[in-house]
Amino acid sequence: MKLDVNVLRYLSKDEFRVLTAVEMGMKNHEIVPAELIDRIAGLKTGGAYKNIRTLLRHKLVHHDSTKYDGYRLTNLGYDFLAIKTMVNRGLIVGVGRQIGVGKESDIFEVVAEDGQTLALKLHRLGRTSFRAVKSKRDYLKHRSSFNWLYLSRLAALKEFAFMKALHEHGFPTPKAVDWNRHCVLMTLVPGYPLVQVKELKNPALVFDTVISLIVRLAEHGLIHCDFNEFNLLIDDDEKVTMIDFPQMVSISHRNAESYFDRDVDCIYKFFLKRFNYVPGGNARTLQGIDNNVDEDDTRPDFVNLARTAGALDKELAASGFTHQNQEDLDQ
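Please read all numbers here as calculations on a predicted model, not as lab measurements. Residues take numbers from 1 onward in each chain, read along the sequence in its written order. With the structure being a predicted model, the display of local features is reserved for residues of pLDDT at least 70 and the display and counting of side-chain atom pairs for 80 or more, all residues being used for whole-chain, interface and lining totals. Side-chain metrics in this entry use all non-hydrogen atoms of the structure; hydrogen atoms and water are not considered.

With respect to topology, three strands assemble into an open sheet ordered S1-S3-S2, the strand pairing being antiparallel. Bordering the open sheet on either side are strand S1 (32–33) and strand S2 (61–64), each of which pairs with just one other strand. A strand pair is defined by DSSP finding two or more bridges across the two strands. Strands are runs of DSSP state E lasting at least two residues, helices are runs of H or I lasting at least four, and both sets are numbered from the N terminus onward.

What follows is the structure in structure tokens.
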């Protein structure tokens, strides 16, 4: 569903009040009864029903009468609530073009009050292409029920926390500005996704920079888990920036070593295929590309890194972080 913010300008306070009432009702209902929406909104008799019709026309809510007469928020309705909050906070004054789309998110250019161009990431967990998210991510913890808007909110919160912490620790990431619901507002980093780059002036230097980022993350107690050419930006000066953090896990996670090795393999394979580069200059082959594997002594060693890893994962309560770890950290 296309995000058309022009509609947002003309929504009245009562219509936003009803939209918020639907959101509040969804905390305990998958489909919110019309009577409950009316009670939560607290408008004059019949006011909520009139505004619901407007919200339906703009596809901000969806009507469902399979079990009973009720409504639920659409992604677009959730977008409007988050953007309206950002505007009310004085963070943004306008939404521009879409600059990125993925299986889990959409990214738009937005304008701040001072005229600065920022990036607004809208998490879209639950897209048809990514329905397995519940089994692959840990946002749900031990909950048995969920909805995709709630999952997207948790993903945004986790990404904001990781981005803020990593930037403060000197990692090349966008600067996290704020978050609300499923949206993360961040600085706009100039550059292109590494996957779009066909040639590098100095592939050896870029390769070393990228591998060193994986190592630095591990030294701080974190594994990216999706460290590849799609989640790395590079500018004209070949400066690298990391993006996309909701899937990060602790180095104490039971699958951390396999995730770490997968991240490293992704970079080795990409640089070999795209730039015909491997460390040392020899045309070695890698596991998964060819059965003849030459061991590379320069590859990062997870076991050694894990022994001396820092505690940034504990600060962020990353995946694999237990209650006992939290108690130790508090002490």
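So much for the structure itself; the text now carries on.
Of all hydrophobic cores here, the largest spans 48 residues; its most connected members are Ile223, Phe227, Ile267 and Phe271. The greatest single-element share of this core, amounting to nine residues, is contributed by helix H8 (residues 203–219). Note on contacts: a residue pair is in contact if any heavy atoms of the two residues lie within 4.5 Å. In contact with Ile267, not counting residues within four places along its chain, are Phe207, Val210, Ile211, Ile214, Phe227, Asn228 and Leu232. Only buried residues count toward a nonpolar core. Its members are Ala, Val, Leu, Ile, Met, Phe, Trp, Tyr and Cys residues joined through side-chain atoms within 4.5 Å. For each residue, the accessible area found with a 1.4 Å probe, counting protein chains only, is set against the maximum for its type, and the residue is called buried under 20%, exposed over 50%, and partly exposed in between. Among the nonpolar cores identified, the runner-up in size contains 42 residues, and Val22, Leu43, Ile52 and Leu122 belong to it.

Helices that pack against each other are described as a pair by the angle of their axes relative to one another and the distance between those axes. At a minimum axis distance of 11 Å, the contact between H8 and helix H9 (residues 256–275) shows a crossing angle of 175°. When the axes of H8 and H9 are compared, the pair comes out roughly antiparallel. Where H8 abuts H9, its residues Pro203, Val206, Phe207, Val210, Ile211, Ile214 and Ala218 lie against Phe260, Asp263, Val264, Ile267, Tyr268, Phe271 and Phe275. All axes are obtained by fitting lines to C-alpha atoms, using only the stretch in contact for helices, and the reported angles, taken between N-to-C directions, cover 0 to 180 degrees. Orientation categories follow fixed angle ranges, with anything under 35 degrees roughly parallel, anything over 145 roughly antiparallel, 65 to 115 roughly perpendicular, and all other angles oblique.

Looking now at the sheet that holds strand S7 (residues 176–180). Within a sheet, adjacent strands bond to each other through the backbone by hydrogen bonds, running parallel or antiparallel. Read across the open sheet, the five strands follow the order S4-S5-S6-S8-S7; overall the sheet is antiparallel. Two strands lie at the open edges of the sheet, namely strand S4 (94–101) and S7, each paired on one side alone. When strand polarity is set aside, the average angle formed by the axes of neighbouring strands in this sheet is 25°. Sitting on the sheet, helix H5 (residues 75–88) is in contact with S4, strand S6 (117–123), S7 and strand S8 (183–187), with an inclination near 130° to S7. Strands S6, S7 and S8 of the sheet are contacted by helix H7 (residues 148–168), whose axis makes an angle of about 160° with S7.

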